[in-house]
Amino acid sequence: MNPSAPFIHQLPAVLCLLLAAVTAAAQVHPGRELVRLDPKNHVHDIDINTNVATTITFPEKISLLTGFGLVTDPGKMNQMATSKVATVHYESVAGDTLVVRLIKPGEPCHATVRTTRSMYLLRFNAADEANLAVLVSPPMQTSAAVEVSPQKVVDNRIQFSAEELVGMLSKARNRKALQPLNPGLFSGWDERNGLEMTSTQNDMVTSIYEIQRNPAKDLTVFRSWITNKGTKPFEFEPMGTKIRVGGRSYDAQLVDCANTIEPGQRQALDLILQGGPGGTREGLSIHQDFRIELPEPGRAPMLLPPIAGDAAFDGK
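Analysis parameters
- Residues numbered from 1 in each chain as written.
- Predicted model: local features only at pLDDT ≥ 70, side-chain atom pairs only at ≥ 80, totals over all residues.
- Heavy atoms only, no water.
- Helix = DSSP H or I, 4+ residues; strand = E, 2+ residues; numbered from the N terminus.
- Expected span 1.5 Å × (residues − 1).
- Buried < 20%, exposed > 50% of the residue type's maximum accessible area, 1.4 Å probe, protein only.
- Arc of directions from axis to C-beta.
- Contact = heavy atoms within 4.5 Å.
- Pairing = 2+ DSSP bridges.
- Axes fitted to C-alpha atoms, helices over the stretch in contact; angles between N-to-C directions.
- Polar contact = N/O pair within 3.5 Å; in protein donor to acceptor, adjacent residues only side chain to side chain.
- Salt bridge = Lys/Arg side-chain N within 4 Å of Asp/Glu carboxyl O.
- Phe/Tyr/Trp six-rings, centres within 6.5 Å; stacked < 30°, edge-to-face > 60°.
- Lys NZ or Arg CZ within 6 Å of the ring centre and 35° of its normal.

## Some thoughts on helix α3 (residues 162–173)
Logical step 1: Helix length check: α3, at twelve residues, gives a terminal C-alpha distance of 17 Å against a target of 16 Å (1.5 Å per residue), a fit within 8%.
Logical step 2: Of all the positions in α3, only L165, M168, L169, K171 and A172 are classed as buried. When α3 is viewed along its axis, its buried side chains cluster within an angular range of 160° and face the same direction. Exposed and facing more than 90 degrees away from the buried side of α3 are A162, E163 and V166.
Logical step 3: Those residues of α3 that are buried are in contact with α4 (175–178), β13 (204–214), β14 (219–228), β18 (254–256) and β20 (266–274).

## Describing the sheet that holds strand β17 (residues 248–251)
Logical step 1: Here three strands make up an open sheet; going across it, the order is β17-β16-β21 and the pairing antiparallel. Each having just a single partner strand, β17 and β21 (290–293) make up the two edges of the open sheet. Direction aside, neighbouring strands of the sheet carry axes that sit 30° apart on average.
Logical step 2: Here strand β16 (residues 242–245) runs beside β21; their pairing, made up of four bridges, is antiparallel. Across the sheet, the residue bridging to K242 is E293, located in β21.

## Focus on the side chain of N228
Logical step 1: Mapped onto the secondary structure, N228 falls in strand β14.
Logical step 2: Engagement of the side chain of N228 in a polar contact is seen with the backbone oxygen of K232, the distance being 2.9 Å.
Logical step 3: Of note is the side chain of N228, whose polar atom sits 2.9 Å from the backbone oxygen of I261.

## A closer look at the pattern of salt bridges
Logical step 1: In total, this model carries 16 salt bridges according to the counting rule given.
Logical step 2: Among the ionic pairs, E210 bridges to K176, the shortest N-O distance being 3.1 Å. Of the two residues, E210 is situated in strand β13 and K176 in helix α4; the sequence distance between them amounts to 34 residues.
Logical step 3: Of the residues examined, E210 reaches a relative accessible area of 5% and is grouped as buried.
Logical step 4: Looking at K176, the relative accessible area reads 59%, which means it is exposed.
Logical step 5: Among the salt bridges present, the one from R248 reaches E282, with a minimum N-O distance of 3.0 Å. Taken together, the residues span a long stretch of sequence, with R248 in strand β17 and E282 in the loop between β20 and β21 at a distance of 34 residues.
Logical step 6: Overall, the relative accessible area of 26% leaves E282 in the partly exposed class.
Logical step 7: It is possible to trace a salt-bridge network through shared partners that takes in R173, R223, D256 and D270.

## Observations regarding the packing of aromatic side chains
Logical step 1: Under the defined criterion, the tally for this structure stands at five aromatic pairs.
Logical step 2: Look at F186 and W189: their rings are 5.2 Å apart centre to centre, the planes differ by 80°, and that puts the pair in the edge-to-face class.
Logical step 3: On the basis of relative accessibility, which here comes to 10%, the residue W189 falls in the buried class.
Logical step 4: The side chain of K171 reaches across the aromatic face of F186, ending 5.3 Å from its centre.
Logical step 5: The ring of W225 carries R266 above its face, with NZ or CZ at 3.8 Å from the centroid.

Have a look at this one:
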């Protein structure tokens, strides 16, 4: 009598169980059954297959899930049958948890998941060995701050120059004649024509009809008219004129206009804005609604040095 005979009869069943165990183990990544996604990555790769239900848990409640290749009913995937993209069945088992399983192999299926405060991009890859459980970490907060050296700050400041402002105003006034002859002279400039940005202060009417801007110099030219609708001359300090947009007024770096406007007279009024205090850049867009603000009438008294021999200053 062979005592091992009963075991020999049971051997096929044992082999089948061992084979099934080995096959089941091969369906899951060894050592990567439970993985935590790297928050530094923009797109997260998750391996799935047809025999494993992969659980994905997010740090917050899911508010949106979308992606080509995702289906909620495996029986209704006729329109996806001819697609090259893998078909993935998904189910929301909890507010923050998804369960996915591969239905049809193919190219990676990309999905977008939105939670209460974050957005996640997933890429489901058809694989022989799947991730059994996946934990999604909150995305890393990236800082937009860039370290700038003190010398770089100095180099980036606008170097104000009266001669340059006068030259730029001359270019703007003669643009229509100069540009056809030398188009590169106005490379990068922006322009608006045919405007009627009109404002009225007492009897004075100002109207902007053209705006030109040189972004490289952070310089904007406003060409306009000023008209005296009153019965008295209007005398003012042109450099006190400002440009208003929204709730803010900007001081002009250059104003070219007569200081006295007679009744019924219209005069040209050209202004240039460039940068801000300390050489900073304002970056104004010309596609806004601008208005001209005139100063109060009157001119500051001109202070002259005393004349030698003047009795008022020589003690006599």
